[in-house]
Amino acid sequence: MQPISRRSFLKLAAATTTAVALPQALKMDFQAFAEEAKHAEVTRVPSLCNGCSSYCGVWAYVKNGRLWKIEGNDIHMKSRGHICARGHGIAQNVYNPGRVTQPMKRVDNKNNFQPITWEEAFQEVGAKMKAIVEEHGGDKMVWACHGGKESYAQQFMDIIGSSTYITHYATCFSAKTNIWQNMVGGMFNPDFDQAKTMLFVGRNYAGGIIPAAMKRITEAKAKGGKIIVVDPRFCELATIADEWIPIRPGTDLAFFLGIAHTLITENLYNQSFVEQYVYGFDEFWMHNKDFSADQAATICGIAADKIREVARELAGSAPHAFLDPGYHGLAAHYQNSNETMMLNIIINALLGNFWKAGGLFPAASTTFGHPEATYYGPVAAKGIRADGAGEVGEYPLVEPSRGIPQRIPDMIEKGRARMVFFYSYNPLRSAPEPEYQKKIKNADLVVSIPYDWNETSLYTAHYILPENHYLERTEHPKVINGNIYWPATQVATRFKALESTTSSLDLLDIMKGLTKAYGIENLYGYTVEEELEVALGPIGVSVDELREKGCIELMPSVLPKEEGLTFGTFTGKIEFSIGAWRKEGYLGVPTWVPPLVEPAEVNQFRLIHGKQPWHSHIMTTNNPYLMAITEEKKGTYMWMNSSRAGELGIQEGDWVTVSSDITSKQVQVHITEGLHPECVWLPSTYGTFSEKLELGYGQGVNYNDFIPARIDKKTGHVMGQECIVTITKGGK
């Protein structure tokens, strides 16, 4: 009898699926099967990593229908051929047992669900949506998402009259984007390659990794560039810095005011740049001329001479020097985060480094085409936003495009939100005060569109509609830019690399099913392939070309220039005084603002947090490979300064009880000299409390457990490090 190959076996198996056993006469040669599998063709498919918002370009290698390996795309500006541990881990999550494998419907208040078909899910959810809109109005719908990932929900919201599209950014960096938009007209990004001095404050490119950024920073250092890191913690970036300056947490604004004062009083700033391109300098100086480096030193704990030294170092290298614009580190953490972001811009403007090699540049960009509209029915008038972002009398200065995600339970309690959709977003774990966030379940309808059994799905959703893993879907293209300078626009997208092994769907298909069941025919009258082709048309790029290269770079459009600078503000200049603030009765320029809370007792600390290089916040805590790194490095431990630990009798590995005004948790401690004595530090990753995510469940604690769900009045951020905790030895 001839042995059968794998292909022959599969054909035969398909033809005999009703048989309970193979015929006795059938003899399979598994050695031949294994040999064929071993030499099977390997295909390479381009995609974009989903491990964080950098969306690094990757190549997925597929063999025998399985993910074989993953590599960074050489062209993509943020990967440049490399990906981080998180990128490898998130790719392997396509096989993670924590995935939701088919639509689920809640059956009780004990977090039990039953599987249902997609048709049942669409019909039931669509009918509930229709009933809510007819009774309460379409403005009672909230769409809350991670942000920057999809473009479909807004089309439906525009028809029913909802304005409340919310992203997670208030928990991450909304003070930064809001302030840069007001003062400069948009974000600018650092040019590492030509910089002579790089000052990083609250920015850790080696923890919140952008692989290409770290490569360029280290190459700049090798060419003689100086790296200064100011951080309460000896972070990963500090390990390659020329100097690490520990600062009292929450006082970065004072440090910045001291630098600005030195630049101005010692006549080290670029007067020509300020005269041509700055509005409001005199107003700023009038309110801050007495805030010297000496005064700053009494607040931030950095010696006045060191503050002056840093200012002189920057000025000596200017304009080939920058203060990094920052990211999560300071842009959502303190009562003074807004003013801290303002001083960031002011110091860079005093250095005159905008549009200069080694300074700051705007992001290169382009415009995509859009499919023709296929819906011509009635459109409801837009209602007010449920979160009050941008609304007169509520939060008029908060960007509506970002929103206020941390108070959705309030919107529900007040009747301003009746149905809430969560797309790739898990506020029960990533927003403050999870017990408060659990009240989201009180909405009339909660629908979660995740890929795994996250906490928001488990504790609040009435329906869970699983989305395909990112390697299982083709998407609308993205403009690749932001965070780091790159002179040319890049375009990339995700192409489907793997067939889904579950009953999950792409978001476009989910939206088609929901809106059709709601009663709107053909709102999305195109396939994702057609959408991709239409999007790329105006820029002269074909789908096949993008599939072949994975990332297309257009002509350079953002290059250094000496004259004719313009900024997207009302005056066309960098505005040191924000007009929108003055209109609302605030002072337009920044002055010193103290942190909201301060530790007072011998066993009290400020709780700060940050990323680990191998985890992506809460998204990867159920990944076996990344949790193995956690175990090896004791990654769930809370950091504590050695001198403070000694005073409390706490040693390496001891359990302690951490208490704030809202909760108490137990965690083990890592003792180190690499942390400012006034704070303790937690990685932002752990504290999974969904028991369906078995690998991460109960591992470590999360900073969000300890902080209340506050709202900053001006930019809506959460003030995520305005939290004092009491530490007592003992626990588990």
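Bear in mind that the values here come from a model prediction, so they are computed numbers and not experimental data. (Residues numbered from 1 in each chain as written. Predicted model: local features only at pLDDT ≥ 70, side-chain atom pairs only at ≥ 80, totals over all residues. Heavy atoms only, no water.)

Draft legend 1. The arrangement of the pattern of salt bridges in detail. Under the counting rule described, the total for this entry stands at 36 salt bridges. In this structure, the salt-bridge partner of D139 is K140, at a minimum N-O distance of 3.0 Å. Here D139 and K140 have matching classes, each one buried. Between R308 and D305 there is a salt bridge, with its nearest N and O atoms 3.4 Å apart. Note that R308 and D305 are positioned in helix α12 (residues 304-317) at a spacing of 3 residues, about one turn of the helix. (Salt bridge = Lys/Arg side-chain N within 4 Å of Asp/Glu carboxyl O. Buried < 20%, exposed > 50% of the residue type's maximum accessible area, 1.4 Å probe, protein only. Helix = DSSP H or I, 4+ residues; strand = E, 2+ residues; numbered from the N terminus.)

Draft legend 2. Fine view of the pairing of strand β26 (residues 679-683). Of all 5 residues in β26, 5 are buried, a share of seventy percent or more. Bridging between strand β22 (residues 604-610) and β26 involves 5 bridges; their strand directions are parallel. Bridge assignment links R606 to a residue of β26, and that residue is C679. Here strand β23 (residues 638-641) pairs with β26 via 2 bridges, running antiparallel. Counted as the bridge partner of W639 is W681 from β26. (Pairing = 2+ DSSP bridges.)

Draft legend 3. Inspection of the nonpolar core at higher detail. Ranked by internal contacts, the top residues of the largest apolar core, which has 107 residues, are F255 and F354. Per-domain counts for this core show at least three residues from each of domain 1 (188-362) and domain 2 (604-729). Excluding anything up to four places from it in sequence, F255 contacts L199, V201, V230, I247, C300, I302, I307 and V310. By size, the runner-up hydrophobic cluster in this structure holds 38 residues, among which are Y152, A153, I160 and M511. (Core = buried A, V, L, I, M, F, W, Y, C linked by side-chain atoms within 4.5 Å. Domains from an automatic or database assignment. Contact = heavy atoms within 4.5 Å.)

Draft legend 4. The UniProt feature "domain: 4Fe-4S Mo/W bis-MGD-type" (unreviewed entry) in the chain, seen in detail. The UniProt entry lists residues 42-98 under the feature "domain: 4Fe-4S Mo/W bis-MGD-type" (unreviewed entry), expressed in the numbering used here. The span residues 42-98 is 14% helix and 37% strand, and its two end C-alpha atoms sit 27 Å from each other. (UniProt positions renumbered as here; feature names shortened; annotations may be inferred.)

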